[in-house]
Amino acid sequence: MKKNQNLFLKVPEDLVSSKIDENIIILNIKSGKYIEVKGSGVFIWELIQEGFNTREKILHHLIKIFDEEKVILENDLNIFLNDAFDKGLLNEATKNK
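Quantities reported herein were computed from a predicted structural model and do not represent experimental measurements. (Residues numbered from 1 in each chain as written. Predicted model: local features only at pLDDT ≥ 70, side-chain atom pairs only at ≥ 80, totals over all residues. Heavy atoms only, no water.)

Visitor: Mind showing me how you'd approach the nonpolar core here?
Guide: Note on soluble globular proteins: their nonpolar side chains tend to be buried together. Counting 22 residues, the largest nonpolar core has Ile26, Trp45, Ile48, Ile58, Phe80, Leu81 and Leu90 as the members making the most contacts within it. Broken down by secondary-structure element, the contributors of at least two residues to this core are strand S3 (23–28), strand S4 (34–37), helix H1 (40–49), helix H2 (55–65) and helix H3 (70–86). At six residues, the largest contribution of residues to this core is made by H3. For Leu90, the residues in contact, after removing those within four places along its chain, are Lys10, Val11, Pro12, Trp45, Ile48, Phe80, Leu81, Ala84 and Phe85. (Core = buried A, V, L, I, M, F, W, Y, C linked by side-chain atoms within 4.5 Å. Buried < 20%, exposed > 50% of the residue type's maximum accessible area, 1.4 Å probe, protein only. Helix = DSSP H or I, 4+ residues; strand = E, 2+ residues; numbered from the N terminus. Contact = heavy atoms within 4.5 Å.)

Visitor: I keep staring at H2 and nothing clicks. Help me out?
Guide: The α-helix winds at 3.6 residues per turn, so residues separated by three or four positions along the chain end up facing the same way. Turning to H2, its buried residues number three or more, namely Arg55, Ile58, Leu59, His61 and Leu62. With its buried residues spanning 165° around the axis, H2 presents them on a single face. In H2, the exposed positions angled more than 90 degrees off the buried face are occupied by His60 and Lys64. Tucked into the core, H2 has its buried residues touching strand S1 (7–10), H1 and H3. (Arc of directions from axis to C-beta.)

Below, the structure is given as C-alpha coordinates:
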(Lines give C-alpha, C1' and ligand atoms only; values in the text may rest on other atoms or scores of the structure.)
Protein backbone atom coordinates (compact mmCIF):
# COMPACT_ATOMS: atom_id res chain seq x y z
CA MET A 1 0.00 0.00 0.00
CA LYS A 2 1.20 3.47 -0.80
CA LYS A 3 1.92 5.63 2.25
CA ASN A 4 0.73 8.84 0.59
CA GLN A 5 -0.94 11.11 3.16
CA ASN A 6 -3.53 12.24 0.57
CA LEU A 7 -5.01 8.79 0.02
CA PHE A 8 -8.24 7.70 1.62
CA LEU A 9 -9.56 4.19 2.08
CA LYS A 10 -12.77 3.51 0.21
CA VAL A 11 -14.97 0.43 0.66
CA PRO A 12 -16.32 -0.80 -2.70
CA GLU A 13 -20.10 -0.86 -3.08
CA ASP A 14 -20.24 -4.56 -3.95
CA LEU A 15 -18.76 -5.66 -0.65
CA VAL A 16 -20.37 -7.46 2.26
CA SER A 17 -18.98 -8.49 5.61
CA SER A 18 -20.26 -10.74 8.35
CA LYS A 19 -19.03 -11.42 11.86
CA ILE A 20 -18.88 -15.08 12.76
CA ASP A 21 -17.81 -15.76 16.34
CA GLU A 22 -14.60 -13.72 16.77
CA ASN A 23 -13.84 -13.47 13.03
CA ILE A 24 -15.11 -11.34 10.17
CA ILE A 25 -15.52 -12.53 6.58
CA ILE A 26 -15.19 -9.71 4.04
CA LEU A 27 -16.43 -10.63 0.55
CA ASN A 28 -16.43 -8.80 -2.76
CA ILE A 29 -19.62 -10.24 -4.24
CA LYS A 30 -18.66 -9.16 -7.75
CA SER A 31 -15.26 -10.88 -7.86
CA GLY A 32 -15.87 -13.60 -5.27
CA LYS A 33 -12.62 -12.71 -3.50
CA TYR A 34 -12.69 -12.62 0.27
CA ILE A 35 -10.61 -12.58 3.42
CA GLU A 36 -11.30 -13.92 6.87
CA VAL A 37 -9.87 -11.68 9.54
CA LYS A 38 -9.34 -12.23 13.23
CA GLY A 39 -7.63 -10.47 16.10
CA SER A 40 -6.48 -6.96 15.26
CA GLY A 41 -7.88 -7.34 11.74
CA VAL A 42 -11.41 -7.42 13.16
CA PHE A 43 -10.76 -4.18 15.02
CA ILE A 44 -9.19 -2.57 11.92
CA TRP A 45 -12.20 -3.52 9.78
CA GLU A 46 -14.61 -2.14 12.38
CA LEU A 47 -12.67 1.16 12.40
CA ILE A 48 -12.91 1.38 8.61
CA GLN A 49 -16.65 0.70 8.82
CA GLU A 50 -16.93 3.49 11.43
CA GLY A 51 -15.34 6.00 9.05
CA PHE A 52 -11.64 5.87 9.89
CA ASN A 53 -10.62 6.43 6.28
CA THR A 54 -6.84 6.83 6.31
CA ARG A 55 -4.02 4.55 7.31
CA GLU A 56 -2.72 7.21 9.69
CA LYS A 57 -6.05 7.65 11.51
CA ILE A 58 -6.38 3.90 11.98
CA LEU A 59 -2.80 3.53 13.21
CA HIS A 60 -3.19 6.43 15.64
CA HIS A 61 -6.34 4.83 17.08
CA LEU A 62 -4.69 1.40 17.34
CA ILE A 63 -1.80 2.95 19.28
CA LYS A 64 -4.24 4.61 21.69
CA ILE A 65 -6.24 1.42 22.29
CA PHE A 66 -3.70 -1.41 22.32
CA ASP A 67 -0.78 -1.81 24.71
CA GLU A 68 1.60 -2.83 21.95
CA GLU A 69 4.65 -1.38 20.21
CA LYS A 70 3.91 0.94 17.29
CA VAL A 71 5.99 -1.15 14.88
CA ILE A 72 3.91 -4.27 15.63
CA LEU A 73 0.59 -2.43 15.18
CA GLU A 74 1.86 -0.81 12.00
CA ASN A 75 2.87 -4.22 10.65
CA ASP A 76 -0.55 -5.70 11.48
CA LEU A 77 -2.25 -2.76 9.75
CA ASN A 78 -0.04 -3.03 6.66
CA ILE A 79 -0.69 -6.78 6.35
CA PHE A 80 -4.45 -6.21 6.60
CA LEU A 81 -4.50 -3.31 4.12
CA ASN A 82 -2.23 -5.02 1.60
CA ASP A 83 -4.37 -8.16 1.63
CA ALA A 84 -7.59 -6.14 1.35
CA PHE A 85 -6.23 -4.06 -1.55
CA ASP A 86 -4.83 -7.12 -3.34
CA LYS A 87 -8.26 -8.80 -3.21
CA GLY A 88 -10.21 -5.68 -4.23
CA LEU A 89 -11.84 -5.32 -0.80
CA LEU A 90 -10.60 -1.75 -0.40
CA ASN A 91 -9.87 1.00 -2.91
CA GLU A 92 -7.83 4.17 -2.66
CA ALA A 93 -9.31 7.59 -3.35
CA THR A 94 -7.75 11.03 -3.24
CA LYS A 95 -9.19 13.96 -1.29
CA ASN A 96 -10.35 15.57 -4.53
CA LYS A 97 -12.52 12.63 -5.66
